[in-house]
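This is what each chain is made of:
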Amino acid sequence: MPRKRRRGSGGGSRRKFLLVFGSAAGVIGLGGGNIATGAFSSVNAARTGNFSVASEGNAMVGVVGQGPVKKNSRDPMVKFENNRPAALEITVSLDTCSDGTLYDNDGESGCSVTFTVMSGNEQYVDIDAAVTGTIPYSVNISGSDFALDTSGSVDAESGNVAGAVRIKKPTKDNEFTARRNKDEWDTKVSVSDDDGDGDLDRIELEVTEGQSGGTVVATRTITLNGTFDYKNNNETIQPDDSSYNVAKGQLYTLTVTAYDVDGNFSTSTVQATG
């Protein structure tokens, strides 16, 4: 899957932490507010040379968080910048492997990835989050004259992955009918789980007068409890108010929204006249 490269702007919500070392002048500054750790904690470092903390603009080594990320979507989690004259070896590991999969963009993936960032280069680590909420991870950076261990976290949110849920029917107006003689609506419903994990959750049906966004006259929820597909060529929708009459010449719009357990969804809208 191609990676989605999102670059945060300075001070944006995605740049949750910045941990940098300055030029080889002065003394190493690793505590007492000298580092804006943000989502990082437990910073430990060792060195054989002298380093100081600097802003991102003149940093020798930068670690910049990129979240939030979406569940079941590969997104950048953290960026590493190497402005030192020597290469850096970096290892990033999830604290809990079931939280997702890491990608180092050099072809390695898994619960932990190790890669080398050459002088003057930068590297992103992506995550395909399997859960929502805060996902903790650890970072180890080693160079010719220092080593750094720290930990960070990224927030994963539920979101919609295009193509995960597909509505096959109704997609045409002739698959939705307003029945004045019965004061109800009939429709064909066919939904599939196209990301292969068989976790369709529910289908929500909503009938409005006029266009979508009009007065809601009927609603229904079909509970699926995790399945690969659902099909019914004669789905009946009753008015929410039992005294409601399907009116002659009235335009009705049916909105069908299908969800899976991960929060992915798809929507289809069709119309019929009473």
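Residues numbered from 1 in each chain as written. Predicted model: local features only at pLDDT ≥ 70, side-chain atom pairs only at ≥ 80, totals over all residues. Heavy atoms only, no water.

Caption draft 1: Structural context of the overall build of the protein chain. When you go through the protein chain residue by residue, the secondary structure sums to zero helices and 20 strands. Counting across all 274 residues of the protein chain, residues that qualify as buried make up 41%. Taking all contacts inside the protein chain whose residues are at least 6 apart in sequence as the whole, residues at least 24 apart take part in 65%. Carbon together with sulfur atoms contributes 44% to the accessible area of the protein chain, which is approximately 12600 Å² in total. (Helix = DSSP H or I, 4+ residues; strand = E, 2+ residues; numbered from the N terminus. Buried < 20%, exposed > 50% of the residue type's maximum accessible area, 1.4 Å probe, protein only. Contact = heavy atoms within 4.5 Å. Areas by Shrake-Rupley, 256 points an atom, 1.4 Å probe, with all protein chains shown as cover.)

Caption draft 2: Structural detail: the state of the cysteines. Considering all chains together, one arrives at one disulfide under this definition. Here Cys97 pairs with Cys111 through a disulfide, and the sulfurs are 2.1 Å apart. Residues Cys97 and Cys111 share a disulfide whose torsion about the S-S bond is about -90°; that sign makes it left-handed. With a gap of 14 residues between them, Cys97 in the loop between β6 (88-94) and β7 (100-103) and Cys111 in the loop between β8 (109-110) and β9 (112-117) connect regions that are remote in the sequence. (Disulfide = S-S within 2.5 Å.)

Caption draft 3: Summary view of the sheet that holds strand β20 (residues 265-273). The strand order across the open sheet formed by four strands is β17-β16-β19-β20, and the pairing between neighbours is antiparallel. Two strands bound the open sheet, and with one partner strand each, they are β17 (216-223) and β20. Strand-to-strand twist in this sheet, taken as the mean axis angle between neighbours without regard to direction, amounts to 15°. Inspection of the sheet shows strand β16 (residues 200-209) paired to strand β19 (residues 251-260) by nine bridges, in the antiparallel sense. Considered in β19, the bridge of Arg202 is made with Tyr259. (Pairing = 2+ DSSP bridges. Axes fitted to C-alpha atoms, helices over the stretch in contact; angles between N-to-C directions.)

Caption draft 4: The side chain of Asp260, seen in detail. As for its placement among the helices and strands, Asp260 is situated in strand β19. One buried charged side chain, Asp260, makes no salt bridge at all; its nearest oppositely charged neighbour is Lys71, positioned 7.6 Å away. A distance of 3.0 Å separates a polar atom in the side chain of Asp260 from the backbone nitrogen of Asp262. A polar contact of 2.8 Å, which involves the side chain of Asp260, links it to the backbone nitrogen of Asn264. With near-sequence residues (within four places) excluded, Asp260 lies in contact with Ala164, Val165, Asp195, Asp199, Leu200 and Asp201. (Lys, Arg positive; Asp, Glu negative; His and termini not counted. Salt bridge = Lys/Arg side-chain N within 4 Å of Asp/Glu carboxyl O. Polar contact = N/O pair within 3.5 Å; in protein donor to acceptor, adjacent residues only side chain to side chain.)

Caption draft 5: Spatial organisation of the packing of aromatic side chains. Tallying each qualifying case throughout the model produces four aromatic pairs. Look at Tyr259 and Phe265: their rings are 5.9 Å apart centre to centre, the planes differ by 45°, and that puts the pair in the tilted class. Judged by its relative accessible area of 36%, Phe265 is partly exposed. In this structure an aromatic cluster arises from ring pairing among Trp185, Tyr244 and Tyr252. (Phe/Tyr/Trp six-rings, centres within 6.5 Å; stacked < 30°, edge-to-face > 60°.)

Caption draft 6: Up close: the environment of Gly163. Considering the arrangement of structural elements, one finds Gly163 in the loop between β12 (146-157) and β13 (165-169). Relative accessible area serves as the criterion here: at 51%, Gly163 is assigned to the exposed category. The sequence separation of Gly163 and Asp193 amounts to 30 residues, and the corresponding C-alpha distance is 8.6 Å. In contact with Gly163, not counting residues within four places along its chain, are Asp194 and Asp195.

Caption draft 7: Representation of the pattern of salt bridges in the model. Applying the stated criterion across every chain, the model contains nine salt bridges. Among the salt bridges present, the one from Lys70 reaches Glu157, with a minimum N-O distance of 3.5 Å. Of this pair, Lys70 sits in strand β4 (residues 69-70) while Glu157 sits in strand β12, placing them 87 residues apart in sequence. Lys70 sits in the partly exposed class, given a relative accessible area of 35%. For Asp262, the salt bridge identified is with Lys71, shortest N-O distance 3.1 Å. Of this pair, Asp262 sits in the loop between β19 and β20 while Lys71 sits in the loop between β4 and β5 (74-82), and the two are 191 residues apart along the sequence. The class for Asp262 is buried, based on a relative accessible area of 10%. Taking relative accessible area as the criterion, Lys71 reaches 14% and is therefore assigned buried. Counted as one network, the salt bridges with shared partners bring together Asp201, Arg202 and Glu204.

Honestly, that's just the spatial picture; any functional story needs more than this.
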